[in-house]
Amino acid sequence: MKRSTNNFSLGAAWLLTLAAAAVFGSHLGPRPFGASSTSSTSSASSGTSSGSASSLASLRKGDHRGPRARQGTGSAEETALADLLRRPRGPARTQQLLRLLDQLDSAEFPTFVAAFREDPLSSVHQSEYDLILTAWVDRDPYGAAEYLESSDPSGRARETVIASWTAQDPAAAELWIRDRPDEGPTNNWVVGYARGLAATNTPEALSLIEGLTPGTTQNAGIAAVAPYLIAKGPEAVHDWLASLPEDGPFLNRATQATARAYAKHEVTAAAAWAKDLPNAASKREATREIAQFWSVNNPAQALQWAGDLPPETLGSAAEGIARQLARSDPETTADWLNSLGDSPELDRARHTFLGRIQSSHPILALDSVTTLSDPGQQKRYYSNILTRWSR
């Protein structure tokens with residue numbers, strides 16, 4: 001499943017999800033992975049969570065009929081939703097949406113969600129979509145999950161529903177997603193389950209991610225769980241990374257995802273954390289990711305920070321910065337790389353830079369080729385650039 005790329009804060013969206021859980025129903029406390037209360041255990045053995053059997057029965061009797069069922073009447077709630085989406089963002093609008101959702105029963109959510117998805121402004125109001133889905137999960141988790149399975153392939157929406165459900169009843173959510181297929185390279189049911197589990201039992205969520213088959217689902221799972229690990233503090237992050245095998249690729253992927261999440265949370269704290277990593281390879285991976293993120297949001301600060309790094313991580317930081325700034329500000333990037341000296345440790349950054357500008361800025365690329373330490377690589381770049389230029 002391809003993940004959505006809408007520009008909003010996942011952290012803020014998850015805070016809205018937790019707020020909705022508080023408004024619409026109780027939030028169960030931490031529970032060991034796979035464990036549940038007596039009522040949940042008995043219901044899980046039959047394939048339903050406690051209190052959900054009647055909802056599932058009504059769902060299969062016809063209340064859930066896809067995104068275009070019952071259209072044409074235009075309920076008062078749908079009209080109010082359209083009006084709400086056209087109002088300025090703010091607490092008042094969120095409170096209005098919460099009141100509107102409180103008026104719906106479980107059978108009305110499919111049509112209400114369909115109305116939201118078909119509104120032209122829905123793409124810029126994804127945090128509101130999270131809130132709607134979370135309210136539906138509180139009323140009828142089976143109905144919400146099955147709706148998304150058949151009517152909405154959005155990976156992000158599926159993750160939101162399963163994460164909310166898992167935070168409330170992990171045993172029932174686990175049973176529902178078990179062996180359930182998901183189109184595309186990423187199984188968003190599993191990623192959502194890991195995110196929901198991390199909210200109440202971060203160690204179990206990390207263990208789950210470690211046991212997944214290497215690939216896009218595992219990578220997305222690391223990214224989903226990382227913010228909860230970071231919230232526990234740098235020592236918790238250190239301890240987890242230190243527990244991973246140093247001779248496998250998982251450590252690199254875990255370090256990269258954690259560094260990205262840490263940088264989004266607080267980039268200066270992430271930089272301090274990376275500096276203290278005991279594993280040299282992990283330190284380089286984290287530094288590269290932080291540098292790339294920092295150069296997007298504040299290039300001047302990123303350049304100043306990287307310039308003060310020791311040689312062992314300067315090359316990694318320069319590579320991360322070159323990845324981002326080579327296209328947006330190639331002249332500044334070239335000048336900065338040249339100011340760092342001619343150490344072979346910087347060659348990867350220079351290769352990254354040249355690879356990104358040799359077609360769009362051939363003259364600048366020719367001037368930069370001489371900074372490479374390997375004469376053979378210099379000749380190769382000269383040939384490639386001049387060949388492209390002559391076409």
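Everything below is about the structure shown above.
Visitor: Before we move on, could you go through a nonpolar patch on the surface and cite the residues and values that matter?
Guide: A contiguous nonpolar surface patch, about 320 Å² in accessible area, is contributed by Ile363, Leu386 and Trp389. Along the chain, the position of Trp389 falls in helix α23 (residues 375-390).

Visitor: Run through the nonpolar core, naming residues and quoting values.
Guide: If you look at the biggest cluster of nonpolar residues, it comprises 98 residues, and the most contacted ones within it are Trp165, Trp240, Leu241, Trp273, Ile290 and Trp305. Top element by residues in this core is helix α15 (residues 249-265). It accounts for 8 residues. When near neighbours in sequence (up to four residues on either side) are disregarded, Leu241 contacts Leu251, Ala254, Thr255, Trp273 and Leu277.

Visitor: Break down α23 for me, citing the residues and quoting the values.
Guide: The terminal C-alpha atoms of α23 lie 23 Å apart, and with 16 residues this matches the ideal 22 Å at 1.5 Å per residue to within 8%. Buried within α23 we find Gln378, Tyr381 and Ile385. End-on view of α23: buried residues confined to an arc of 70 degrees, all on one side of the axis. Within α23, the exposed residues directed more than 90 degrees away from the buried face are Lys379 and Ser390. Along its buried surface, α23 packs onto α21 (347-357) and α22 (362-369).

Visitor: Got a sec to walk through the side chain of Asp119? Specific residues and values, please.
Guide: With respect to the helices and strands, the residue Asp119 is situated in the loop between α6 (109-118) and α7 (126-139). Once you skip the residues sitting within four places of it in the chain, Asp119 turns out to touch Ala82, Leu85 and Arg86.

Visitor: Give a description of the pattern of salt bridges that names residues and reports values.
Guide: For the structure on display, the rule yields 14 salt bridges. Across the pair Arg86 and Asp119 runs a salt bridge whose closest N-O atoms are separated by 3.0 Å. In this pair, Arg86 is assigned in the loop between α4 (76-85) and α5 (91-102) and Asp119 in the loop between α6 and α7, connecting sequence segments 33 residues apart. Given the relative accessible area of 10%, Asp119 is considered buried. Asp102 is the partner of Arg139 in a salt bridge, and the nearest nitrogen-oxygen pair spans 3.8 Å. Here Arg139, found in helix α7, pairs with Asp102, found in helix α5; they are 37 residues apart in sequence, far enough to count as distant.

Visitor: Tell me what's going on with the packing of aromatic side chains, and back it up with residues and numbers.
Guide: Each pair of aromatic rings is reported with the distance of its centres and the angle of its planes. As enumerated under the stated definition, the model contains 9 aromatic pairs in all. Aromatic side chains Trp176 and Trp189 sit 5.0 Å apart centroid to centroid with 80 degrees between the ring planes, which places their arrangement in the edge-to-face category. Placement of Trp176 in helix α10 (residues 170-177) and of Trp189 in helix α11 (residues 188-200) is noted, with a sequence separation of 13 residues between them. Neither Trp176 nor Trp189 differs from the other in exposure class; each is buried. Residues Tyr262 and Trp273 carry aromatic rings whose centres are separated by 5.2 Å and whose planes lie at 35 degrees to one another, so their mutual orientation is tilted. Here the residue Tyr262 occupies a position in helix α15, and Trp273 occupies one in helix α16 (residues 267-275), the gap between them amounting to 11 residues. On the basis of relative accessible area, Trp273 is assigned to the buried category, the value being 3%. A network of ring pairs unites the aromatic residues Tyr142, Trp165, Trp176 and Trp189 as a single cluster. Cation over ring: Arg380 sits above Tyr381, and NZ or CZ is 4.6 Å from the ring centre.

Visitor: Pulling in residues and values, what's your account of the packing of helix α18 (residues 299-307) against helix α19 (residues 311-328)?
Guide: Across the interface, α18 lies against α19 with an axial gap of 10 Å and an inter-helix angle of 160 degrees. Classed by the angle they form, the pair α18 and α19 counts as roughly antiparallel. As α18 runs across α19, the sense of the crossing is left-handed. Contacts between α18 and α19 involve Pro299, Ala302, Leu303, Trp305 and Ala306 from the first element and Leu314, Ala317, Ile321 and Leu325 from the second.

What counts and how
Residues numbered from 1 in each chain as written. Predicted model: local features only at pLDDT ≥ 70, side-chain atom pairs only at ≥ 80, totals over all residues. Heavy atoms only, no water. Patch = residues over 30% accessible without salt bridge, like charges linked within 9 Å, V, L, I, M, F, W, Y side chains within 5 Å. Areas by Shrake-Rupley, 256 points an atom, 1.4 Å probe, with all protein chains shown as cover. Salt bridge = Lys/Arg side-chain N within 4 Å of Asp/Glu carboxyl O. Helix = DSSP H or I, 4+ residues; strand = E, 2+ residues; numbered from the N terminus. Core = buried A, V, L, I, M, F, W, Y, C linked by side-chain atoms within 4.5 Å. Buried < 20%, exposed > 50% of the residue type's maximum accessible area, 1.4 Å probe, protein only. Contact = heavy atoms within 4.5 Å. Expected span 1.5 Å × (residues − 1). Arc of directions from axis to C-beta. Phe/Tyr/Trp six-rings, centres within 6.5 Å; stacked < 30°, edge-to-face > 60°. Lys NZ or Arg CZ within 6 Å of the ring centre and 35° of its normal. Axes fitted to C-alpha atoms, helices over the stretch in contact; angles between N-to-C directions. Parallel < 35°, antiparallel > 145°, perpendicular 65-115°, else oblique. Left-handed = near helix turned anticlockwise from the far one by under 90°.

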